Amino acid sequence: MKRNILSIAVTSLFFVYSCKNAPAAKQEVGKTEAVKSNITDEQLMDRVQKDALKYFWDYAEPHSMLGRERYHEDNIYPDNDKHVITTGGSGFGLATILVGTERGFVPRKEAVKRLTHIMDFLAKADRHKGAWPHWINGETGKTVPFGKKDNGGDLVETAFLTSGILMVREYFKNGNAEEKALAAKCDELWKGIQWNWYTKGGEKVLYWHWSPEYQWEMNFPLEGYNECLITYILAASSPTYSIDDETYYKGWTRNGTYLTDKTKYGLPLYVKHNYAEEYGGPLFWAQYSYIGLDPTGLSDKLVKNYFDINKNQTLIDYKYCVENPKQWKGYGPNYWGLTAGYTRNEDGGTGYTAHMPSNDNGVITPTAALSSFPYTPKESMAFLRFIYTQKPEFIGSAGPYDASSINYDNWFTPRYLAIDQGTIAPMIENYRSGFLWKLFMNAPEIQQGLKKLSFQSPKYGIN
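In this numbering scheme, every chain counts its residues from 1 along its sequence in written order. Side-chain atom pairs in this predicted model are given and counted only at pLDDT of 80 or more, local residue features only at pLDDT of at least 70, and totals for whole chains, interfaces and linings cover all residues. As a rule here, side-chain values cover all heavy atoms of the structure and leave hydrogens and water aside.

Draft legend 1. Molecular detail of the sheet that holds strand β4 (residues 143-144). When DSSP finds two or more bridges between two strands, those strands count as paired. The way it works is that DSSP assigns letters per residue, a run of H or I at least four long becomes a helix, a run of E at least two long becomes a strand, and they are numbered from the N terminus. The three strands are arranged β2-β3-β4 in an open sheet whose pairing can be described as antiparallel. Both outer strands of the open sheet, β2 (84-86) and β4, are each paired with one neighbouring strand and no more. When β2 meets strand β3 (residues 135-137), the two strands line up antiparallel, connected through three bridges. Note that in β3 the partner of T86 across the bridge is W135.

Draft legend 2. Structural detail: the packing of helix α6 (residues 229-237) against helix α14 (residues 444-452). Remark: α6 packs on α14, axes separated minimally by 8 Å, with the N-to-C direction vectors making an angle of 105°. By the criterion of interaxial angle, the relationship of α6 to α14 is roughly perpendicular. For the pair α6 and α14, the contacting residues are I233, L234, A236 and S237 in the first and E445, I446, G449, L450 and K452 in the second. Axes here mean lines fitted to C-alpha atoms, for a helix over just the part in contact, with angles spanning 0 to 180 degrees between N-to-C directions. Put simply, angles under 35 degrees are roughly parallel, angles over 145 are roughly antiparallel, angles from 65 to 115 are roughly perpendicular, and the rest are oblique. The criterion used for residue contact is that any of the two residues' heavy atoms lie within 4.5 Å.

Draft legend 3. Spatial organisation of unusual backbone geometry. Here the residue pair G224 and Y225 is connected by a cis peptide bond, since its omega of 10° sits within 30 degrees of zero. Despite not being glycine, N80 shows a phi value in the positive range, around 50°. Relative to the elements of secondary structure, N80 occurs in the loop between β1 (70-72) and β2. Residue N80 is classed as exposed on the basis of its relative accessible area of 63%. Throughout this description, buried means an accessible area under 20% of the type-specific maximum (1.4 Å probe, protein chains only), exposed means over 50%, and partly exposed covers the range between.

Draft legend 4. Inspection of the packing of aromatic side chains at higher detail. Each aromatic pair joins two rings of Phe, Tyr and Trp (for Trp, the six-membered one) with centres within 6.5 Å, and gets the label stacked for planes under 30 degrees apart, edge-to-face for over 60, and tilted for any other angle. Enumeration according to the criterion identifies 38 aromatic pairs in this entry. In textbook terms, an aromatic cluster arises when at least three aromatic residues are bridged by ring pairs, as seen for Y55, F56, Y59, Y71, Y335, F383, F386, F394, Y401, F412 and Y416. Charges are assigned to positions over rings by a cutoff of 6 Å between ring centre and Lys NZ or Arg CZ, combined with an angular limit of 35 degrees from the ring normal. The ring of W132 has R127 sitting right over it, with the charged end atom 4.1 Å from the ring centre. The positively charged end of K301 is found above the aromatic ring belonging to Y249, 4.9 Å away from the centroid.

Draft legend 5. Representation of the pattern of salt bridges. Should a side-chain nitrogen of Lys or Arg be within 4 Å of a carboxyl oxygen of Asp or Glu, the pair is scored as a salt bridge. Applying the stated criterion across every chain, the model contains 26 salt bridges. For the salt bridge of E217 with K149, the shortest nitrogen-to-oxygen distance reads 2.8 Å. Of this pair, E217 sits in the loop between β6 (209-210) and α6 while K149 sits in the loop between β4 and β5 (153-154), and the two are 68 residues apart along the sequence. Owing to a relative accessible area of 47%, E217 belongs among the partly exposed residues under this scheme. Its salt-bridge partner being K262, residue E277 comes within 3.5 Å of it at the nearest N-O pair. Linking E277 in the loop between β8 (267-268) and α8 (306-323) with K262 in the loop between α7 (245-252) and β7 (263-264), this pair joins segments that are 15 residues apart in sequence. Since its relative accessible area comes to 35%, E277 is described here as partly exposed. A network of salt bridges, in which partner residues are shared, links R169, E170, K173, D187, K191 and E445.

Draft legend 6. Region of interest: the layout of surface pockets. Note on definitions: the grid is 1 Å and covers protein atoms alone; a cavity is a set of points where a 1.4 Å probe fits but cannot get out; a pocket is an open set with protein on both sides within 12 Å along at least five of seven lines; lining residues have an atom within 4 Å of a point. Grid points are joined across faces, edges and corners, and a volume is the space filled by probe spheres set on the points. Roughly 240 Å³ of internal volume is contained in the largest pocket. The set of elements that each furnish at least two residues to the lining of the largest pocket consists of β9 (340-344) and β10 (350-354). Its residues placed into classes, the lining of the largest pocket shows three nonpolar, five polar and two charged. Throughout, the ten residues Ala, Val, Leu, Ile, Met, Phe, Trp, Tyr, Cys and Pro are labelled nonpolar, Asp, Glu, Lys and Arg are labelled charged, and all others, Gly among them, are labelled polar.

Draft legend 7. Structural detail: the UniProt feature "domain: Glycoamylase-like" (unreviewed entry) in the protein chain. Per the UniProt record, the feature "domain: Glycoamylase-like" (unreviewed entry) sits at residues 219-443. The span residues 219-443 is 33% helical and 12% strand by assignment, and the distance between its end C-alpha atoms comes to 32 Å. UniProt positions are given in the numbering used here, feature names are shortened, and annotations may be inferred rather than shown by experiment.

Draft legend 8. Expanded view of the side chain of T343. Among the secondary structure elements, T343 is positioned in strand β9. For T343, a relative accessible area of 4% puts it in the buried group. Of the polar contacts made by the side chain of T343, one reaches the side chain of H355; its length is 2.8 Å. In this structure T343 touches G349, T350, G351, Y352, T353, H355, N361, V363, A403 and W411, once residues within four positions along its chain are discounted. Nitrogen and oxygen atoms within 3.5 Å of one another constitute a polar contact, given that in protein one can donate a hydrogen and the other can accept it, and given that sequence-neighbouring residues count only through two side-chain atoms.

Draft legend 9. A look at the side chain of T339. Topologically, T339 is positioned in the loop between α8 and β9. The exposure class of T339 is buried, given its relative accessible area of 1%. Polar contacts involving the side chain of T339 include one to the main-chain amide nitrogen of L283, which spans 3.4 Å. Dropping the residues within four chain positions of it, T339 is found in contact with P282, L283, F284, T353, A354, H355, T365, T367 and A368.

Draft legend 10. Focus on α7. Buried within α7 we find T247, Y248, Y249, G251 and W252. Sitting at the amino-terminal end of α7 is D244, which places a side-chain oxygen 3.3 Å from the backbone nitrogen of E246. With its phi angle positive at about 55°, R254 sits one or two positions after the end of α7.

Right, here's the structure in full:
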């Protein structure tokens, strides 16, 4: 797909995709029978987790076995980029495979084989001061530029990937010989990331990008609040290339100035969402960093409970969709959720944008509600049940399609994105069992890194 890189005021590195020539979805694509209405909640959660797993198990890029940037059921790839893998989405894919393994959706032995292949590929792929690029050629391991000057290390995508790598290590580290060998590969990859390099020579802030060719020209400091918290947690936790607590509090919290007393629908926002201070940002901000990082009762020197931040952001998004000020057909308690993903262009083709209350064009992104289960289980279940039992045309071979709109005559795009499909199974599992949260939060380095930054999590003995 052709990307015209136009910065939008959500977070400095979010891009609008332009696909004006992409055809509208055909109703015959991905025909799926509706699920019977008497299906139980547990069965529904199993179903959507299994479906989302297919993206990373059945439709993985065949050479690297990592997550493709996108998978199109219509097999139309305007940029001929079927082989391009995404590092951040692949991190969510690692977590998804762990969920599949733990629930018995895939054989443990096959998972170990697949994950070992993945780690071997990542060890040989291009790295820039230890960080992987945003996109990698799955056939060669070479960097694929995300933009002209974005052709080097991407620290945020690396963080999302590393979160998955650490959870794989923790899951298999006490297993048989093959599993211990896999864990050792994960450990070596983790220790090779030079997090402190990305402070641009010791500034008290992390930077998103560094390129061997363009150096620091992207000039994008990571400052809250958006999806990037996990980057600071991992950087502080690194046993080899760590940052100090001052970098976190001066950089991420903007010297403590990112708090707010604003409310919406009577719900406190607690922090200033970058360029989205009235309603909060797209819902992936409450999800990407929290695949492994458990926000339940989590606090630092400034924030009393990260769970409250995420729950309120999600509820504000939900209440906005129910209020439906633009009067889009279909919006309501069982059809809601605004986040970044594919969208419907004015001509009916497929585009991309970061949907949120302040950027709402009548398109719903299923991952928004489905990946919010820990925060809004009742509201998320209503969406899950509705889309599977009432809207089978919105369901494809790997679960709910990335974007749909009842307002535009049940428009959908028969396409998926790794970053969206990859958060569904993990966040539902964290709601169901806390499985991934336990893996990540009990990792020894993470415990130490959180303590270094004055975080507290009584649930995991971090005080």
